[in-house]
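# Geometric and topological summary
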Amino acid sequence: VKAFLPVLKTTLSTSLHDSSVNKDKSVATPSPISLKILPQDITSETATVATPFFLTGGESRSIEELPLGVRLTGGEKLRREGLTGKGIKVAVIDDGIAASHPGFDDKVVLQTSFQQGPIGPHGTHVAGTIHMMAPDAEIHDYRAMDDQGQGGDTIIAKAIREAVADGCDIINMSIAGKSKTNTLRRAMGYASYSGVIMVCAAGNRGDGNPLTNEISFPASFEDAISVAAVFKKDNLPVANFSQSNDQVDYAGIGVDVLSFKPDGNYVRFDGTSMASPHVCGFIAALMTKDATYSEIIKDDSSLRKLLNENFCIDIGTKGRDNA
């Protein structure tokens, strides 16, 4: 196993799929499906630990104090290698981001809203993990979900196209729906054709049986990198809630994940929604402009080749899982 050992290649045919400038683009949601941020992501209790380094700001921060999930995904070594996401734009399509959270260091540089009302807690947590993985990357917030975690394919598709138009290099979508719609498929095909990487949560409707398949979109589209969730334990066991199917590509830490909370505090969540930003942030760090891998990563295909040859470890059954 080489380098950072961060992105974890899952061999369990199971593989989960789920779920500044301010431009207000509120629209109706006439979609035939509803992509919902899954409930398992919202249920974990608030962390009861001392104020972590990423809330202290300034030079007092220590990379050794990064959350365990970030460290297990190579966060420390990425920083030491100068792979911090500098020059990279990361789109987060979710329920909104609390850009004023002190942990973001003013890196949430653009916010586009397709929804009315207050933001939810999900997007801030997701974006926080991405920021801790790639602290110099610019984060673009596309609020496509409401504060109840509901959205539709039309809005999601608009957000994807907006992210491409805004020059984003990579998109994180910790959202999931059961229906495979052409509206969403075409938007993702457009993004992929434009060279934009898309990382998606596999989903939290798993039954704990790797021999059964639970399918969600957008993660199960071939243009998406589908991310399952594993525990922070020896041998990185797959979380029981993590969906399994032959479209799952990689796995990331998705249990007891510490990240930002909209009120300026911090909270622990579980879910493939939390695993996806670990992988997204890792990729954003590798893409750092004028760094080791910037000329190697050209598109989804070249990225997967790099990850598979250099940054993956096999978990579960040996080899590729095709359940």
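Quantities reported herein were computed from a predicted structural model and do not represent experimental measurements.

Bringing the overall build of the protein chain into the picture now. Helix and strand counts for the protein chain stand at seven helices and 14 strands. Expressed as a percentage of its 323 residues, the buried residues of the protein chain come to 59%. Summed over all atoms, the accessible surface of the protein chain reaches about 12400 Å², with 47% contributed by carbon and sulfur.

Across its 13 residues, helix 4 (residues 153-165) extends 18 Å between first and last C-alpha, which sits within 8% of the 18 Å expected from 1.5 Å per residue. Restricting attention to buried positions, one finds in helix 4 the residues Asp153, Ile155, Ile156, Ala157, Ala159, Ile160, Glu162, Ala163 and Val164. Positive backbone phi, approximately 85 degrees, marks Gly167, located one or two places after helix 4.

For the rest of this paragraph, the subject is the pattern of salt bridges. Throughout the structure, instances matching the rule amount to eight salt bridges. One salt bridge in this structure joins Arg304 and Asp249, with 2.9 Å as the shortest N-O distance. Residue Arg304 is located in helix 7 (residues 300-310), and its partner Asp249 is located in strand 11 (residues 248-253); the two are separated by 55 residues in the primary sequence. The exposure class of Arg304 is buried, given its relative accessible area of 16%.

All right, on to the packing of aromatic side chains then. Under the definition given, this model contains four aromatic pairs. Consider the rings of Phe282 and Phe311, whose centres lie 5.5 Å apart with planes at 75 degrees: the pair is edge-to-face. Of the two residues, Phe282 is situated in helix 6 (residues 272-286) and Phe311 in the loop between helix 7 and strand 14 (314-315); the sequence distance between them amounts to 29 residues. Overall, Phe282 belongs to the buried group, its relative accessible area being 0%. Here Tyr293 and Phe311 contribute two aromatic rings whose centre-to-centre distance is 5.5 Å and whose plane-to-plane angle is 85 degrees, an arrangement assigned as edge-to-face. Highlighted residues: Tyr293 in the loop between helix 6 and helix 7 and Phe311 in the loop between helix 7 and strand 14, separated in sequence by 18 residues. Each member of the pair, Tyr293 as well as Phe311, is classed as buried. By the ring-pair criterion, three or more aromatic residues cluster together here, those being Phe282, Tyr293 and Phe311.

Attention shifts here to the nonpolar core. Membership of the largest hydrophobic core comes to 58 residues, with the highest contact counts inside it found for Val90, Ile170, Val199, Ile283, Leu286 and Leu307. In this structure Val90 touches Ile130, Ala137, Glu138, Ile139, His140, Ile170, Cys280 and Ala284, once residues within four positions along its chain are discounted. Judged by nonpolar contacts, the second largest core, of 29 residues, contains Met173, Val196, Met198 and Phe217.

Further remarks concern the environment of Gly151. On the secondary structure map, Gly151 appears in strand 7 (residues 150-152). Given a relative accessible area of 8%, Gly151 falls into the buried group. A sequence separation of 37 residues divides Gly151 from Phe114, and the C-alpha atoms of the two residues are 9.5 Å apart.

Chain-level pLDDT for the protein chain is 82 on average; 78% of the residues reach the 70-or-more range. Considering only residues more than four positions removed or in separate chains, one finds that residues 1-36, a stretch of pLDDT under 50, has 201 contacts.

This part takes up unusual backbone geometry. The residue after Phe217, namely Pro218, is reached through a cis peptide bond having omega 20 degrees. On the secondary structure map, Pro218 appears in the loop between strand 9 (197-201) and strand 10 (225-230). Unusually for a residue other than glycine, Asp105 sits at a positive phi of about 55 degrees. Residue position: Asp105 is located in the loop between strand 4 (89-94) and strand 5 (108-113). In this model, Asp106 sits at a positive phi of 60 degrees, which is unusual for a non-glycine residue. A residue is classified by how much of its surface remains accessible, and Asp106, at 69% relative accessible area, is exposed.

Let's shift gears to helix 5 (residues 182-193). Taking 1.5 Å per residue, 12 residues should reach 16 Å; helix 5 reaches 16 Å between its end C-alpha atoms and fits that length. Those residues of helix 5 not exposed but buried are Leu184, Ala187, Met188 and Ala191. End-on, the buried residues of helix 5 take up no more than an arc of 95 degrees, which puts them together on one face. Backbone geometry just after helix 5 places Gly195 at a positive phi near 85 degrees.

Attention now moves to the pairing of strand 13 (residues 266-269). Burial of strand 13 is two-sided: the residues Tyr266 and Arg268 facing one way and the residues Val267 and Phe269 facing the other way are all buried. Hairpin connection of strand 12 (residues 257-260) to strand 13: five residues between the antiparallel strands, including Gly264 at a positive phi of 95 degrees.

Among the structural elements, Gln243 can be located in the loop between strand 10 and strand 11. Polar side-chain contacts of Gln243 include one of 2.9 Å to the backbone oxygen of Glu214. There is a polar contact of 3.0 Å between the side chain of Gln243 and the side chain of Ser216.

This brings us to a positive patch on the surface. A cluster of basic residues, Arg161, Lys180, Arg185 and Arg186, forms a positive patch on the protein surface. Mapped onto the elements, Lys180 comes out in the loop between strand 8 (170-173) and helix 5. Overall, the relative accessible area of 60% leaves Lys180 in the exposed class.

Rules of the game
Residues numbered from 1 in each chain as written. Predicted model: local features only at pLDDT ≥ 70, side-chain atom pairs only at ≥ 80, totals over all residues. Heavy atoms only, no water. Helix = DSSP H or I, 4+ residues; strand = E, 2+ residues; numbered from the N terminus. Buried < 20%, exposed > 50% of the residue type's maximum accessible area, 1.4 Å probe, protein only. Areas by Shrake-Rupley, 256 points an atom, 1.4 Å probe, with all protein chains shown as cover. Expected span 1.5 Å × (residues − 1). Salt bridge = Lys/Arg side-chain N within 4 Å of Asp/Glu carboxyl O. Phe/Tyr/Trp six-rings, centres within 6.5 Å; stacked < 30°, edge-to-face > 60°. Core = buried A, V, L, I, M, F, W, Y, C linked by side-chain atoms within 4.5 Å. Contact = heavy atoms within 4.5 Å. pLDDT = per-residue confidence, 0-100. Arc of directions from axis to C-beta. Pairing = 2+ DSSP bridges. Polar contact = N/O pair within 3.5 Å; in protein donor to acceptor, adjacent residues only side chain to side chain. Patch = residues over 30% accessible without salt bridge, like charges linked within 9 Å, V, L, I, M, F, W, Y side chains within 5 Å. Lys, Arg positive; Asp, Glu negative; His and termini not counted. Charge placed at Lys NZ, Arg CZ, Asp CG, Glu CD.

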